[in-house]
Amino acid sequence: SAESGEALWMRYLKLPSDLQSLYIPYAQVYFEEGSSTIEVAKQELAQAFVGLTGVDIKFQKKPFKCSLLIGKNVNQFWNIPDIEKNLKKCANEGFVIRSVKRNGVRRIIVTANTDAGILYGTFALIRLMQTGCPLDSLNIIERPKYKFRLLNHWDNLDGTVERGYAGRSIWWNRKETLDALKHQYLTYARANASIGINGTVLNNVNANPKVLDQEYIEKFARFADLLRPYNIKVFMSINFSSPVIIGGLPSSDPLREDVQQWWNQKVKEIYEAIPDFGGFLVKANSEGQPGPQDYGRSHADGANMLARALEPYGGIVMWRAFVYSPSGDDRAKQAYDEFVPLDGQFRDNVIIQVKNGPIDFQPREPFSPLFGAMEKTPLMIEFQITQEYLGFSDHLVYLAPLQKECLDSDTYVKNEGSTVAIVTNGTLFKHQYSAIAGVANIGRDINWTGHHFAQANWYAFGRLAWNHNLKPEDIAREWIKMTFTHDSVFVESVLDIMMRSREAVVNYMTPMGLHHLMGWDHHYGPAPWTDIEGARPDWLPRYYHNASEEGIGFNRSKSGSNAVSQYAEPLCSMFNNPKTCPQNLLLWFHHLPWDYRLSSGLTLWQELCYHYYRGVDEVKLMQKKWDRLRGRIDDERFEHVQHKLKVQVREAKWWRDACVLYFQTFSKMPIPYELERPE
Ligand code: GCU
């Protein structure tokens, strides 16, 4: 049922009647014939239109009496000069939507340079209707900011999902036939097309070498066939040792001729099955995965070998920079130290994939200092949509503010305004390729993402990948209306809940720049005290919080690990000084005494307590606001979210109490009196 969340934001339920009457005049449609991409766009429009308005579209063979014209060549009928000019700005995947009025007749033109552009333009028009926008004065010109907008599925071939909290893999180890699952895959494809996602990596970065066996190449090919009309390319994660493990070669040394030949042959096989295959994603010499360093070679040697094999077909290599070893003094510095010296050594079709922060998808991190530091190499950004460190699919956390904070961060590498967004979208250093990836939160749960509100994170990631200038609140408002209802009380309350949620989780888990306090292997719940014999020190929370009677925090200033020096000025100096370091990153960059005075006049200990308590208060407020909304949507989803919020409140307290009480064993200071009131 629609109430199960299965239809995501494509529910197409009847709009309020005033909106219906705005749209019904556009039911006479001329939709230019074309490829299967055009066909799916046309079907989508038909389905959306009748759902939203109750009126069936009449597709016409001739354009002249139509009120809505969609196609690459439709402007030939009206010759509006602007449209030709604007189409030049749309590049390959962009579109123009334009309302025109001639001889008293209103029309809408949706046009583009490619079928993909028509697909995205059609979905944009549908979204305008779903969100209740008037259509009589549209003048929209859009093109995506990133060339590759990707989901990364951490799905294992055995059907489990690494850090997946919404059931098993939608791709692997299923008993049902592809035909039986077609509806589900098409929903996935439509959802992605509706937000502009144009690529998907179907298997875990911790890649099983078997994925390169003929059997799996064929499976990838079937998925590629299903996704192709929706302008979605498939990509594969590979294991660097595949030549040894499945190829029977004595070595996987990237400089060996036979190894290069093996990859050339494999890539040829893949392209025979999937002519538009996207390329490889590679996790190498990271967390125990094999890589070129096993043979004394560099990341560039490894990436270039694969890039050479893919080049003739237009494929790319996304080589991850998520590297760290227990030997260094500060994990946060290692990716930079390893990769910056390689700038200029990568082939043109290699993109370095960098996580948003220097550690690992924490509730708040500064941006990774790699952004901006490799002028000659395209760097792509990787966000995590699945909430590995943010309460799994149990906590309501809207991630767009986190992503936006990172994308908008100024790196200052060229001059002011060198934001992470324009470093990664290719404009600052003029790179041919640009890409953005999100680690998917999708599984076989009926509602796809476990928590209904986690759907918003899939949606928002796609919208920001299309246009990082969008505001998180605008994206949220769209999503709420499309997913739930136009009821303005509901929309505004839920918007408020969503916009509070990210800072709330930072506060009840890791305020003021703290990080990595969670249970060390499952990553759920607090465990700042963990001590495990023989465990890697950099996997334990103490490595990061360094709490003692002296104080708390990681000294990354010049007197400590000097990670600050990886940032350009004026950031370096600003982070280096606790007086100018933003308070929300204070303990990321500094180790400070418990009685350190903050600008608020409070001590560090007091301020920390306030943040933890505020985090819980915020979740309680979110819960209270939700509880008032009963009856405004279906009971099924209302109660599901209500239950999850109950869990979240309980666990926010768990985080707060665990952390505050543990840290108190060092600070030996009382919890501020006004915070200690009975629950
Ligand atoms: C995190 C996560 C791992 C994952 C890794 C990665 O460390 O816990 O499960 O494999 O990131 O991004 O490669």
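Residues numbered from 1 in each chain as written. Predicted model: local features only at pLDDT ≥ 70, side-chain atom pairs only at ≥ 80, totals over all residues.

**Q** Before we go on, may I ask you to explain the overall build of the protein chain in this structure?
**A** Along its length, the protein chain carries 20 helices and 14 strands. Taking 679 residues into account, the globule formula puts the C-alpha radius of gyration at 26 Å, and the protein chain, at 26 Å, falls close to it. Taking the principal axes of its C-alpha atoms as reference, the protein chain extends roughly 80 × 65 × 55 Å. Taking all 679 residues of the protein chain together, the buried fraction comes to 52%. Excluding contacts between residues fewer than 6 apart, the proportion of contacts in the protein chain whose partners are at least 24 apart in sequence is 72%. (Helix = DSSP H or I, 4+ residues; strand = E, 2+ residues; numbered from the N terminus. Rg over C-alpha atoms; globule rule 2.2 N^0.38 Å. Buried ≥ 20, exposed ≤ 12 C-beta atoms within 10 Å, placed from the backbone. Contact = placed C-beta atoms within 7 Å.)

**Q** Would you take a moment to explain the domain arrangement of the protein chain for this structure?
**A** Often, the extent of an interface is quoted as the loss of accessible area upon association of its parts. Here the protein chain is described as being made up of domain 1 (2-142), domain 2 (148-483) and domain 3 (507-554 + 591-675). Relative to domain 3, the C-alpha centre of domain 2 lies at a distance of 30 Å. Listed as interface residues are 18 residues of domain 2 and, on the opposing side, 19 residues of domain 3. (Domains from an automatic or database assignment.)

**Q** What's the story with the sheet that holds strand β12 (residues 350-355) in this structure? I'm lost.
**A** Strands pair in a sheet through their backbones, by hydrogen bonds, and they do so in one of two ways: parallel or antiparallel. With parallel pairing, 8 strands are arranged side by side around a closed barrel as β7-β8-β9-β10-β11-β12-β13-β14. Going across the sheet, the axis of each strand differs from the next one's by a mean of 25 degrees, ignoring polarity. Seen against the sheet, helix α13 (residues 454-466) touches β7 (148-152), β13 (379-384) and β14 (435-439) and runs at an angle of roughly 160 degrees to β7. (Pairing = 2+ DSSP bridges. Axes fitted to C-alpha atoms, helices over the stretch in contact; angles between N-to-C directions.)

**Q** How should the UniProt feature "domain: Glycosyl hydrolase family 67 catalytic" (unreviewed entry) in the protein chain be read in this particular structure?
**A** Residues given the UniProt feature "domain: Glycosyl hydrolase family 67 catalytic" (unreviewed entry) here are residues 129-448. For residues 129-448, helix accounts for 28% and strand for 14%, while the C-alpha atoms at its two ends are 24 Å apart. (UniProt positions renumbered as here; feature names shortened; annotations may be inferred.)

**Q** In this structure, what is going on with the nonpolar core? I would like to understand it.
**A** A general trend in soluble globular proteins is that nonpolar side chains are found buried together. If you look at the biggest cluster of nonpolar residues, it comprises 201 residues, and the most contacted ones within it are Val-282, Leu-306, Val-317 and Leu-370. Apart from residues no more than four positions distant in its own chain, Leu-370 is found in contact with Ala-321, Ala-335, Tyr-336, Phe-339, Val-354 and Leu-379. (Core = buried A, V, L, I, M, F, W, Y, C linked by C-beta atoms within 7 Å.)

**Q** Teacher, can you tell me more about the environment of Ile-671 here?
**A** Mapping Ile-671 onto the fold places it in the segment after α20 (635-667). Under the C-beta neighbour-count criterion, Ile-671 is labelled partly exposed, with 18 such atoms within 10 Å. Considered as a pair, Ile-671 and Gly-51 are 620 residues apart in the sequence and their alpha carbons are 56 Å apart.

**Q** Teacher, can you tell me more about the UniProt feature "domain: Glycosyl hydrolase family 67 C-terminal" (unreviewed entry) in the protein chain here?
**A** Residues annotated in UniProt with the feature "domain: Glycosyl hydrolase family 67 C-terminal" (unreviewed entry) correspond here to residues 449-674. End-to-end, the C-alpha atoms of residues 449-674 are 39 Å apart, and along that stretch the chain is 52% helix and 0% strand.

**Q** What exactly am I supposed to notice about the confidence of the model for the protein chain here?
**A** Chain-level statistics for the protein chain give a pLDDT mean of 97 and a share of 99% at 70 or above. For this predicted complex, the interface score ipTM comes out at 0.99, while the overall pTM is 0.98. (pLDDT = per-residue confidence, 0-100.)

**Q** Which parts of the structure should I look at to understand the pairing of strand β1 (residues 28-31)?
**A** Every regular strand shows the same layout, with side chains that alternate between the two sheet faces. Taken together, the 2 bridges between β1 and strand β2 (residues 58-59) define a ladder with parallel strand orientation. Across the sheet, Gln-28 pairs through a bridge with Lys-58, a residue of β2. After leaving β1, the chain enters helix α2 (residues 36-53) and then returns to the sheet as β2, a path that is right-handed. Bridge count for β1 against strand β3 (residues 68-70) is 3 bridges, and the pairing is parallel. Directly across from Val-29, in β3, lies its bridge partner Leu-68. (Right-handed = clockwise from strand over helix to strand, strands pointing away.)

**Q** Teacher, can you tell me more about helix α11 (residues 400-407) here?
**A** Working note: α-helix, 3.6 residues per turn, so residues spaced by three or four point in the same direction. With 7 of 8 residues buried, α11 is to be regarded as a mostly interior element. Among the structural elements, β13, α12 (420-424), α13, α14 (472-483) and α15 (488-509) are those in contact with the buried residues of α11.

**Q** Which parts of the structure should I look at to understand the sheet that holds strand β5 (residues 105-111)?
**A** Overall, mixed pairing links the 6 strands, which are arranged β2-β1-β3-β5-β4-β6 in an open sheet. A strand with exactly one partner marks an edge of an open sheet, and here the two such strands are β2 and β6 (139-142). Pairing of β3 with β5, which is carried by 3 bridges, proceeds in the parallel orientation. The residue of β5 that forms the bridge with Leu-68 is Ile-108. Sheet strands touched by helix α4 (residues 115-130): β3, β4 (95-102), β5 and β6. Its angle to β4, the strand with the most contacts, is close to 60 degrees.

**Q** Explain helix α6 (residues 214-227) to me, please; I cannot follow it from the model alone.
**A** Taking 1.5 Å as the rise per residue, α6 with 14 residues should run 20 Å; its terminal C-alpha atoms sit 20 Å apart, in good agreement. Listing the buried residues of α6 in full gives Phe-220, Ala-224 and Leu-227. When α6 is viewed along its axis, its buried side chains cluster within an angular range of 65 degrees and face the same direction. Residues Gln-214, Glu-215 and Glu-218 are exposed on α6 and point more than 90 degrees away from its buried face. (Expected span 1.5 Å × (residues − 1). Arc of directions from axis to C-beta.)

**Q** Sorry if this is basic, but what is going on with the packing of helix α19 (residues 604-627) against α20 here?
**A** When two helices pack together, their arrangement is captured by the angle between the axes and the distance separating the axes. Here α19 crosses α20 at 170 degrees, and the two axes come no closer than 9 Å. Classified by the interaxial angle, the pair formed by α19 and α20 is roughly antiparallel. Considering only residue class, the contact of α19 with α20 consists of 16 nonpolar, 5 polar and 4 charged. (Parallel < 35°, antiparallel > 145°, perpendicular 65-115°, else oblique. Nonpolar A, V, L, I, M, F, W, Y, C, P; charged D, E, K, R; others polar.)

**Q** Teacher, can you tell me more about the packing of α15 against α19 here?
**A** Their axes nearest at 8 Å, the elements α15 and α19 cross at an angle of 155 degrees. The pairing of α15 with α19 is recorded here as roughly antiparallel in orientation. With respect to the hand of their crossing, α15 and α19 are arranged in left-handed fashion. Between α15 and α19, the residues in contact are Ser-493, Asp-496, Ile-497, Arg-500, Ser-501, Ala-504, Asn-507 and Tyr-508 and His-611, Tyr-612, Arg-614, Gly-615, Val-616, Glu-618, Val-619, Met-622, Lys-625 and Trp-626, respectively. (Left-handed = near helix turned anticlockwise from the far one by under 90°.)

**Q** For this particular structure, what's the right way to read the environment of Trp-626?
**A** Summarising the element assignment, Trp-626 is placed in helix α19. By C-beta crowding, Trp-626 is classed as partly exposed, having 18 other C-beta atoms within 10 Å. Linking Trp-626 and Phe-638, residues 12 residues apart in sequence, is a C-alpha distance of 8.3 Å. If sequence neighbours within four positions are ignored, Trp-626 has contacts with Ile-497, Val-641, Gln-642 and Leu-645.

**Q** I'm lost on the environment of Ser-418 in this one. Help?
**A** Looking at the secondary structure, you find Ser-418 in the loop between α11 and α12. A C-alpha to C-alpha distance of 9.7 Å links Ser-418 and Phe-371, two positions 47 residues apart in sequence. Residues within four places of Ser-418 in sequence aside, it is in contact with Gly-372, Asp-410, Thr-411, Tyr-412, Val-413, Val-423 and Leu-428.

**Q** Is there a simple way to think about the pairing of β7 in this case?
**A** Burial runs high along β7: 5 of the 5 residues are buried. Judged by which residues are buried, β7 turns out to be covered on both faces: Phe-148, Leu-150 and Asn-152 on one side and Arg-149 and Leu-151 on the other are all buried. Inspection of the sheet shows β7 paired to β14 by 5 bridges, in the parallel sense. Residue pairing in the sheet places Asn-152 in a bridge with Val-439 of β14. Two elements, β7 and strand β8 (residues 199-201), share 3 bridges in a ladder whose sense is parallel. Note that in β8 the partner of Leu-150 across the bridge is Gly-199.

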